[in-house]
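Residue-level structure breakdown
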Amino acid sequence: EPEVTQTPSHQVTQMGQEVILRCVPISNHLYFYWYRQILGQKVEFLVSFYNNEISEKSEIFDDQFSVERPDGSNFTLKIRSTKLEDSAMYFCASRWGETQYFGPGTRLLVL
Amino acid sequence: GENVEQHPSTLSVQEGDSAVIKCTYSDSASNYFPWYKQELGKRPQLIIDIRSNVGEKKDQRIAVTLNKTAKHFSLHITETQPEDSAVYFCAASDPGTASKLTFGTGTRLQVTL
């Protein structure tokens, strides 16, 4: 069964550094999402992406964040200048019909 | 925007007993309600979902009920087993193109022997 994949599984970075989180959605899915989960808290929506553009974004998704689909398979989340509060698990998801399938996540730690 | 409340935050049951987790939502336009199971350090896994035109859905030991008028939905797990121990999240999806999921705060279910 196809799954969403994400790399890296863990990322440690210094405050102020740029990070790029990568995702490969399930082939043939057209809608892609990024969510984050701060340790012990609920999953929060960041951004949705369809037809090569952002379809919706949350208040969390400020100017420090950007998303891109650089080729036919990858979907990336970039954080330009990381802050301590960006430390979280970041999940990518892709959607078929109404069902969203989540990747295994990237645990980001900002020091 | 949508707001999803979930109760209880923790639930401990004995193996073989039933577990019920309840959620309420605020946006009457929401029309899709999935439940995800998340084991420690793992991705959320969809276990069951329900659409707003259906009142109840069952899949083996798991069932979900939806009351659109009251804007609440519940997850029922019968004959619980130790492997059911996990955090369970309810979610609601808006009917727009983005169909983003708004999650509840999660319920940590522990099934004891």
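The rules behind the values
Residues numbered from 1 in each chain as written. Chains lettered and ligands numbered in written order. Predicted model: local features only at pLDDT ≥ 70, side-chain atom pairs only at ≥ 80, totals over all residues. Heavy atoms only, no water. Helix = DSSP H or I, 4+ residues; strand = E, 2+ residues; numbered from the N terminus. Rg over C-alpha atoms; globule rule 2.2 N^0.38 Å. Buried < 20%, exposed > 50% of the residue type's maximum accessible area, 1.4 Å probe, protein only. Contact = heavy atoms within 4.5 Å. Areas by Shrake-Rupley, 256 points an atom, 1.4 Å probe, with all protein chains shown as cover. Buried area = accessible area lost by both parts, 1.4 Å probe. Salt bridge = Lys/Arg side-chain N within 4 Å of Asp/Glu carboxyl O. Polar contact = N/O pair within 3.5 Å; in protein donor to acceptor, adjacent residues only side chain to side chain. Pairing = 2+ DSSP bridges. Axes fitted to C-alpha atoms, helices over the stretch in contact; angles between N-to-C directions.

**A few points about the overall build of chain B**
From N to C terminus, chain B includes zero helices and 11 strands. Listing every helix and strand of chain B by position from the N terminus yields β-β-β-β-β-β-β-β-β-β-β. Expected size for 113 residues packed as a compact globule is a radius of gyration near 13 Å; at 14 Å, chain B falls within 12% of this value. Projected onto its principal axes, the C-alpha positions of chain B cover 45 × 30 × 20 Å. Each of the 113 residues in chain B was classed as buried or not, and the buried ones make up 46%. Intrachain contacts of chain B at a sequence separation of at least 6 include 52% that bridge at least 24 residues. Put simply, chain B shows about 5500 Å² of open surface, and 46% of that area lies on carbon and sulfur atoms.

**Regarding the interface of chain A and chain B**
In this complex, chain A contributes 22 residues to the contact, which on the side of chain B involves 20 residues. For the pair chain A and chain B, the two sides together bury roughly 1800 Å², of which 51% comes from carbon and sulfur. Contact with chain B buries surface across chain A, with Lys42, Glu98 and Phe102 of chain A losing the most and accounting together for 32% of the total. Counting the contacts that link chain A with chain B gives three salt bridges. For the pair chain A and chain B, the interface holds eight residue pairs in polar contact (both at pLDDT 80 or more). Looking at the side of chain A that touches chain B, the elements with two or more residues in it are β4 (31-37), β5 (43-50), β6 (53-57), β9 (88-96) and β10 (99-102) of chain A.

**Structural notes on the sheet that holds strand β7 (residues 62-67) of chain B**
Residues and elements named next belong to chain B. Strand order in the open sheet formed by five strands is β1-β3-β8-β7-β6, with antiparallel pairing between adjacent strands. Among the strands making up the open sheet, the edge pair consists of β1 (4-7) and β6 (56-59). On average, each strand axis in the sheet is tilted by 15 degrees relative to the strand beside it, whichever way the strands run. Pairing geometry for β6 and β7, over four bridges, is antiparallel. Note that in β7 the partner of Lys58 across the bridge is Ala63.

**Quick look at the side chain of Gln6 of chain B**
Residue and element names in this part refer to chain B. Within the element layout of this structure, Gln6 appears in strand β1. For Gln6, a relative accessible area of 3% translates into the label buried. A polar atom in the side chain of Gln6 sits 3.3 Å from the backbone nitrogen of Cys90. In contact with Gln6, not counting residues within four places along its chain, are Ile21, Lys22, Cys23, Trp35, Tyr88, Phe89, Cys90, Gly104, Thr105, Gly106 and Thr107.

**Some thoughts on the sheet that holds strand β7 (residues 65-68) of chain A**
Residues and elements named next belong to chain A. With respect to topology, four strands assemble into an open sheet ordered β1-β3-β8-β7, the strand pairing being antiparallel. Among the strands making up the open sheet, the edge pair consists of β1 (5-7) and β7. Along the sheet, successive strands turn relative to each other by an average axial angle of 20 degrees, direction set aside.

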